[in-house]
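Inside the fold
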Amino acid sequence: MQILVTGGAGYIGSHTVLSLLENNYDVIVYDNLVNSSIESLVRVEKLAGKSIEFIEGDICDKGKLSGVFKQFKINAVIHFAALKAVGESVKIPLSYYQNNVHGSVCLLEVMQEHKVHNFIFSSSATVYGEENDVPYVETMKFGTPSSPYGASKVMVERVMSDFAFSNEDFRGVTLRYFNPIGAHESGTIGEDPKGIPNNLLPYVAQVAVGKRHELSIFGDDYPTVDGSCERDYLHVMDLAQGHVAALNWLNCHSKFSGVEAFNLGTGNGISVFAIVKAFEQASNKIIPFEVSPRRVGDLPAFWANTSKANDELNWQANRSLDQMMVDTWRWQLNNPNGYQS
Ligand code: NAD
Ligand code: UFG
């Protein structure tokens, strides 16, 4: 079965491609490499002992995309390709709407033209916004997005619902990721942020390896266990396997049409201070930090209700917090300059 993976050279995409190959799917990656390197796929091929078809291209380029659908008999599309920096999306919102929303519409149009109906979308916990109580459940209404990035996820989910309403062949799954961290246990593929990391774990790892001086903890006066924000961190390999589970779910539900949403998380909230402590234990390094003001747009605490994914996808995030830290550290140590090293 051939799976088209847009954005498959990126952080979550590359780990998912590995899981797909390990589960005997054939993979075609379509990526414009705007935030990734082809080296990730070279390493995935080595780990899997299998080859990947790679096409460099933009999801907004319908002509090129259409050629891919002509060349390969694609059974399903897993759609990771997007810009993902929350802060950047506030500065250049039009690029985010163009890339993430318009690009997704282009992809759906080309899929429709080629009668490919199975679609798995990378959504985010950010769609629940601040109006909903935790834990977040799939039946909740969308909240108000706190950034153009978040809005782009809500918009694409809406596009999927409207498209499904008009087209009874469409079979969409939207996976709402909580906070993916960690790396493959081999230490050869992982997260490789360009410039100063926005996210907590890559920043902590770069402090531990000596690339950054100290961590800023954004706020210690939230109404949480220890005053810092709580998030639902899950191992990227568990998340990757969630995509295989979603694909299997589509395969098993041959009569399904419409859109189904699933939360992918562990169901536990972990504070920033707890992450720092766990990383120190795993790496045997001290992480110097200072407490700085709250970051605009951050919510105090959120985590997933994972019952639906556990029961219907038969999926669970099994890897421990310690494993997430150990694997992040191994990747960082082995690849201090990411895929450049
Ligand atoms: P990433 O930046 O590592 O991967 C995204 C990939 O898409 C990159 O390889 C990039 O080159 C490619 N890409 C971007 N725009 C493209 C375009 N127009 N055409 C073709 N390729 C394009 O990000 P990631 O962390 O792997 O995230 C993957 C998906 O998961 C994204 O949709 C992201 O919004 C979503 N997501 C990520 C997180 C997270 O914390 N990492 C959380 C929730 C949701
Ligand atoms: N944090 C710090 N210092 C840092 C970086 C982060 O204290 O240098 C704190 C943040 O304030 C937050 C927590 O660490 O409390 C996690 O922050 P991240 O930036 O790692 O993650 P977010 O929860 O802000 O957002 C992530 C993704 C979004 C996605 C969301 C939900 O970046 O794309 O998870 O899935 F929408």
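Procedures and definitions
Residues numbered from 1 in each chain as written. Chains lettered and ligands numbered in written order. Predicted model: local features only at pLDDT ≥ 70, side-chain atom pairs only at ≥ 80, totals over all residues. Heavy atoms only, no water. 1 Å grid on protein atoms, 1.4 Å probe; cavity = no way out; pocket = protein on both sides within 12 Å on 5 of 7 lines; lining within 4 Å. Points joined across faces, edges and corners; volume = space filled by probe spheres on them. Helix = DSSP H or I, 4+ residues; strand = E, 2+ residues; numbered from the N terminus. Core = buried A, V, L, I, M, F, W, Y, C linked by side-chain atoms within 4.5 Å. Buried < 20%, exposed > 50% of the residue type's maximum accessible area, 1.4 Å probe, protein only. Contact = heavy atoms within 4.5 Å. Nonpolar A, V, L, I, M, F, W, Y, C, P; charged D, E, K, R; others polar. Near = heavy atom within 4 Å. Polar contact = N/O pair within 3.5 Å; in protein donor to acceptor, adjacent residues only side chain to side chain. Areas by Shrake-Rupley, 256 points an atom, 1.4 Å probe, with all protein chains shown as cover. Domains from an automatic or database assignment. Buried area = accessible area lost by both parts, 1.4 Å probe. Salt bridge = Lys/Arg side-chain N within 4 Å of Asp/Glu carboxyl O. Axes fitted to C-alpha atoms, helices over the stretch in contact; angles between N-to-C directions. Parallel < 35°, antiparallel > 145°, perpendicular 65-115°, else oblique. Left-handed = near helix turned anticlockwise from the far one by under 90°. Phe/Tyr/Trp six-rings, centres within 6.5 Å; stacked < 30°, edge-to-face > 60°.

Applying the stated criterion across every chain, the model contains two cavities of 30 Å³ or more. Its boundaries defined by the atoms lining it, the largest cavity holds a volume of some 40 Å³. If you go around the largest cavity, the residues you meet are Leu 108, Met 111, Gln 112, Val 116, His 117, Phe 163, Asn 167 and Phe 170. With three residues, the top contributor of residues to the lining of the largest cavity is helix H5 (residues 93-113).

Let's shift gears to the nonpolar core. Membership of the largest hydrophobic core comes to 42 residues, with the highest contact counts inside it found for Leu 20 and Leu 264. Element by element, the count of residues in this core is highest for helix H8 (residues 236-252), at eight residues. Contact partners of Leu 264, with chain neighbours within four places excluded, come to Leu 175, Arg 176, Tyr 177, Phe 178, Leu 234, Leu 239, Gly 242, Ala 309, Leu 313 and Trp 315. Core analysis: the next-biggest nonpolar cluster, separate from the first, contains 25 residues, Ile 74, Leu 108, Val 110 and Met 111 among them.

This next bit is on the layout of surface pockets. Taken as a whole, the second largest pocket holds about 150 Å³ of empty space. In terms of lining, the second largest pocket is formed by Glu 138, Met 140, Lys 141, Phe 142, Glu 157, Arg 158, Ser 161, Thr 174, Arg 176, Val 259, Glu 260 and Ala 261. When contributions to the lining of the second largest pocket are tallied by element, the ones reaching two or more residues are helix H6 (148-166), strand S6 (171-177) and strand S11 (258-264). Grouping the amino acids of the lining of the second largest pocket by side-chain chemistry returns four nonpolar, two polar and six charged.

Moving on to the site of ligand 1. In the region of ligand 1, 27 residues are neighbours, and Asp 31, Asn 35, Ser 36, Asn 99 and Tyr 149 sit closest. With respect to ligand 1, the backbone of Tyr 11 contributes an N or O atom lying 2.8 Å from an oxygen atom. Side-chain polar atom of Lys 84 to an oxygen atom of ligand 1: 2.9 Å apart, as the coordinates give it. Protein chains bury 95% of the 820 Å² of accessible surface belonging to ligand 1 in isolation. Class assignment for the residues of the shell around ligand 1 results in 13 nonpolar, ten polar and four charged.

For the rest of this paragraph, the subject is the domain arrangement of the protein chain. Assigned domains within the protein chain: domain 1 (2-181 + 233-264) and domain 2 (200-231 + 267-304 + 318-340). When each unit is reduced to the centre of its C-alpha atoms, the spacing between domain 1 and domain 2 is 26 Å. Both faces considered, domain 1 and domain 2 share a buried interface measuring about 1900 Å² in area, 65% of it formed by carbon and sulfur atoms. Our count for the domain 1 to domain 2 interface comes out at one salt bridge. Between Asp 238 and Arg 319 there is a salt bridge, and its shortest N-O distance comes to 2.5 Å. Here domain 1 is connected to domain 2 by seven residue pairs in polar contact (both at pLDDT 80 or more).

So, about the environment of Met 111. Along the chain, Met 111 falls in helix H5. Sequence-distant contacts of Met 111, defined by excluding residues within four places in its chain, comprise Phe 69, Val 77, Val 116, His 117, Asn 118 and Phe 119.

So, about the packing of helix H7 (residues 200-208) against helix H9 (residues 272-283). Where H7 contacts H9, the two axes come as close as 11 Å, and the packing angle between them is 40 degrees. Compared by their axis directions, H7 and H9 come out oblique. Crossing handedness for the pair H7 and H9: right-handed. In this structure, H7 uses Leu 200, Leu 201, Val 204, Ala 205 and Ala 208 to contact H9, whose residues at the interface are Val 272, Ile 275 and Phe 279. In terms of residue class, the contact of H7 with H9 is built from eight nonpolar, no polar and no charged.

Okay, unusual backbone geometry next. When glycine is set aside, most residues are seen to have a negative phi, and most peptide bonds are trans. Omega for the bond connecting Val 134 with Pro 135 falls within 30 degrees of zero, at 0 degrees, which places this linkage in the cis form. Along the chain, Pro 135 turns up in the loop between strand S5 (118-124) and H6. Even without a glycine there, the phi angle at Leu 33 is positive, about 60 degrees. Its place among the elements puts Leu 33 in the loop between strand S2 (26-31) and helix H2 (39-48).

We now examine the packing of aromatic side chains. Counted by the stated rule, this structure contains eleven aromatic pairs. Look at Phe 273 and Phe 289: their rings are 5.8 Å apart centre to centre, the planes differ by 65 degrees, and that puts the pair in the edge-to-face class. Of the two residues, Phe 273 sits in helix H9 while Phe 289 sits in strand S13 (residues 289-292), which places them 16 residues apart along the sequence. Look at Phe 289 and you get partly exposed, because its relative accessible area is 38%.

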